[in-house]
Each structure stands twice: as C-alpha cells, then as structure tokens.
Amino acid sequence: MNKRIVSFFFLLLFAGSLYAAIGITDLRTEQLKNPAGIDVRQPRLSWRIESDEQNVIQTAYHILIASSPELLEQGKGDIWDSGKIESDASQWITYQGKTLKCNASYYWKVKIDTNKGATNWSAPAFWTTGLFNEADWQGQWIGLDRAAPGDSETQWSRLAARYLRKEFAVKKSVKRATVHIAGMGCTSCLSTDNASAIKYWHLLLPTTGKQFCTTHTMLLHCFKQKMLLE
C-alpha cells in the first residue's frame, strides 16, 4: 500500500514537472509586441513555445481576447473565445472575433496542448487599434498653405522647412490618453504637469514623395495638464 502511494506521488511530481516545463512566450500581434494604433481589422496573432523538453509539438490552441484586463483575468473572452482549435499553427493566426472598434484596446492570452502535455495560460498581451477611416479623424491639419519668403515654386520646387506648433490644456484629470499624429517629417510631442516634470516623445515619420503620409500612435500614461505638439 505504501509503495502504491509513493509511486502515485512520484507520478504526480513527474506530471507536474512536465506541465511546468512547457510555456508560451513572445506573444505578438502583426509580428509586433503590444503594438499601438494598428489599422488592421483582422490582426494576425503569434506566439512561441518555450520548453526544457525536446521535440515538443503543439497539437491545439485556445485564444481568449477581452475588452479589459479584468475580464481577461476572469477567463472571459467577450471579444473572441476561439475555443479549442486542433492545430499545430502558432504563427499568423487570423483574428475571427467581433468587429474591432477604432481607437480601442484589446487584451489577449493563449494556452496550448502539446504532445507532451498542456500549458497554463500565457502572460497577457495587448494591442490598440488606430483610426481605420479618414472619417474617424476629428482633428484639423496644422499647416502653411502658401509659399514662404525665399521659397521656389517652380517645377523643381524648394520649400523652406515648416515649423508648426500647437499647445492645448487638458481640463480634466486623465490617467491615460492616446495621441494619433499624421504628418510628414519630424514630430515632437511633449506633455508636462509642471516645470520640473516633463515627458517628451520625438518621432521621425518616414515619407516618400509628396503623397505619402504615415500615422503614428502613442499611449501616454498619467497625462495631466498640458500637451504640446511641434
């Protein structure tokens, strides 16, 4: 009887060590870690298996995506619950949940079955969506629509650099804010709540020719009083 108990206890320890030896890491959305402002309506998800064992092969996966970290922690995928999918794929898994909203945050995690046991849920990851359509933009362009002194408007036009600046104050206390910036050239973003506490972001927005304009999204935490765009 004692031998059976010892054997059973050994099997439990062995199974537990095997279970803990397999994990999931490097969660990515569109091959990016926790990306901000993506404009893909059906993003593709990826992860990597991490194990001390050799020849570990995934046999199934289960993805949960929630609208808040709290719901995700509770195991509630209110945006997408894939259920158990029999597959060895772990790269470029196309999102198949509810229609994503613009300027929103989504939190996700995954667990898998393998030929050597199942894993726990991965650590959570997230992504935020940007603005999908031109109509989603509420701001106005800041620019100079006329030639400056010394500019040449011939076929080989040469324009002086434009230095544009916009400052505004935030009336309410904000814990988190999202800034979407579209423009050509170099953009700086500065937020401050007093003279001794300045947060500064410097962006280089790549451009090609005269028609191409990129969009960049930043998540600002503990954003309080004043914002300056240059």
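Cut-off values and rules
Residues numbered from 1 in each chain as written. Predicted model: local features only at pLDDT ≥ 70, side-chain atom pairs only at ≥ 80, totals over all residues. Heavy atoms only, no water. Phe/Tyr/Trp six-rings, centres within 6.5 Å; stacked < 30°, edge-to-face > 60°. Helix = DSSP H or I, 4+ residues; strand = E, 2+ residues; numbered from the N terminus. Buried < 20%, exposed > 50% of the residue type's maximum accessible area, 1.4 Å probe, protein only. Polar contact = N/O pair within 3.5 Å; in protein donor to acceptor, adjacent residues only side chain to side chain. Contact = heavy atoms within 4.5 Å. Pairing = 2+ DSSP bridges. Core = buried A, V, L, I, M, F, W, Y, C linked by side-chain atoms within 4.5 Å. Salt bridge = Lys/Arg side-chain N within 4 Å of Asp/Glu carboxyl O.

Colleague: Is there a simple way to explain the packing of aromatic side chains in this structure?
Modeller: Centre-to-centre distance and the angle between the planes together describe a pair of aromatic rings. Tallying each qualifying case throughout the model produces 5 aromatic pairs. Aromatic side chains W47 and Y61 sit 5.4 Å apart centroid to centroid with 65 degrees between the ring planes, which places their arrangement in the edge-to-face category. With W47 in strand β2 (residues 44–51) and Y61 in strand β3 (residues 58–66), this residue pair connects regions lying 14 residues apart in the sequence. The class for Y61 is buried, based on a relative accessible area of 10%. Through a chain of ring-to-ring contacts, three or more aromatic side chains come together here, namely W80, Y95, Y106 and W127.

Colleague: Is there a simple way to think about the side chain of S82 in this case?
Modeller: Tracing the backbone shows S82 in the loop between β4 (80–81) and β5 (85–86). Reaching out from S82, the side chain makes a polar contact with the backbone nitrogen of I63 at a distance of 2.8 Å. Leaving out residues up to four positions away in the same chain, S82 has contacts with Y61, H62 and I63.

Colleague: Could you clarify how one ought to interpret the environment of W127 in this entry?
Modeller: The residue W127 is located in strand β9 (residues 125–128) in this model. W127 sits 20 residues away from Y107 along the chain, and the two C-alpha atoms are 6.7 Å apart. Non-local contacts of W127, meaning those with residues more than four positions away in its chain, are made with T29, P35, I38, P43, L45, I65, Y95, L100, A104, S105, Y106 and W108.

Colleague: Before we go on, may I ask you to explain the sheet that holds strand β6 (residues 93–94) in this structure?
Modeller: Across a sheet, strands are paired by hydrogen bonds formed along the backbone, either parallel or antiparallel in direction. With antiparallel pairing, the 3 strands of this open sheet are ordered in space as β1-β2-β6. Among the strands making up the open sheet, the edge pair consists of β1 (22–29) and β6. Looking at chain direction, β1 and β2 are connected through 6 bridges and run antiparallel. Bridge assignment links T29 to a residue of β2, and that residue is L45.

Colleague: Would you mind going over the nonpolar core with me for this structure?
Modeller: Side chains that are nonpolar tend, in soluble globular proteins, to be buried together. Counting 20 residues, the largest nonpolar core has W47, I63, I65, W108, V110 and W127 as its most contacted members. Of all the secondary-structure elements, those providing two or more residues to this core are β1, β2, β3, β7 (105–114) and β9. Looking at this core, the element that brings in the most residues is β7, giving 4 residues.

Colleague: Is there a simple way to explain the pattern of salt bridges in this structure?
Modeller: Close approach of charged atoms lets side chains of opposite charge pair. The full count for this structure, using the stated rule, is 5 salt bridges. Of the charged contacts in the structure, one is a salt bridge between D26 and R48, with a shortest N-O distance of 3.9 Å. Placement of D26 in strand β1 and of R48 in strand β2 is noted, with a sequence separation of 22 residues between them. Its salt-bridge partner being R44, residue E30 comes within 2.8 Å of it at the nearest N-O pair. One end of the pair, E30, is in the loop between β1 and β2; the other, R44, is in strand β2, and 14 residues separate them in sequence. In this structure R44 comes out as partly exposed when scored by relative accessible area, which is 33%. Through salt bridges with shared partners, a single network forms among D26, R28, K33 and R48.

Spatial relationships are all this shows, so hold off on functional conclusions.
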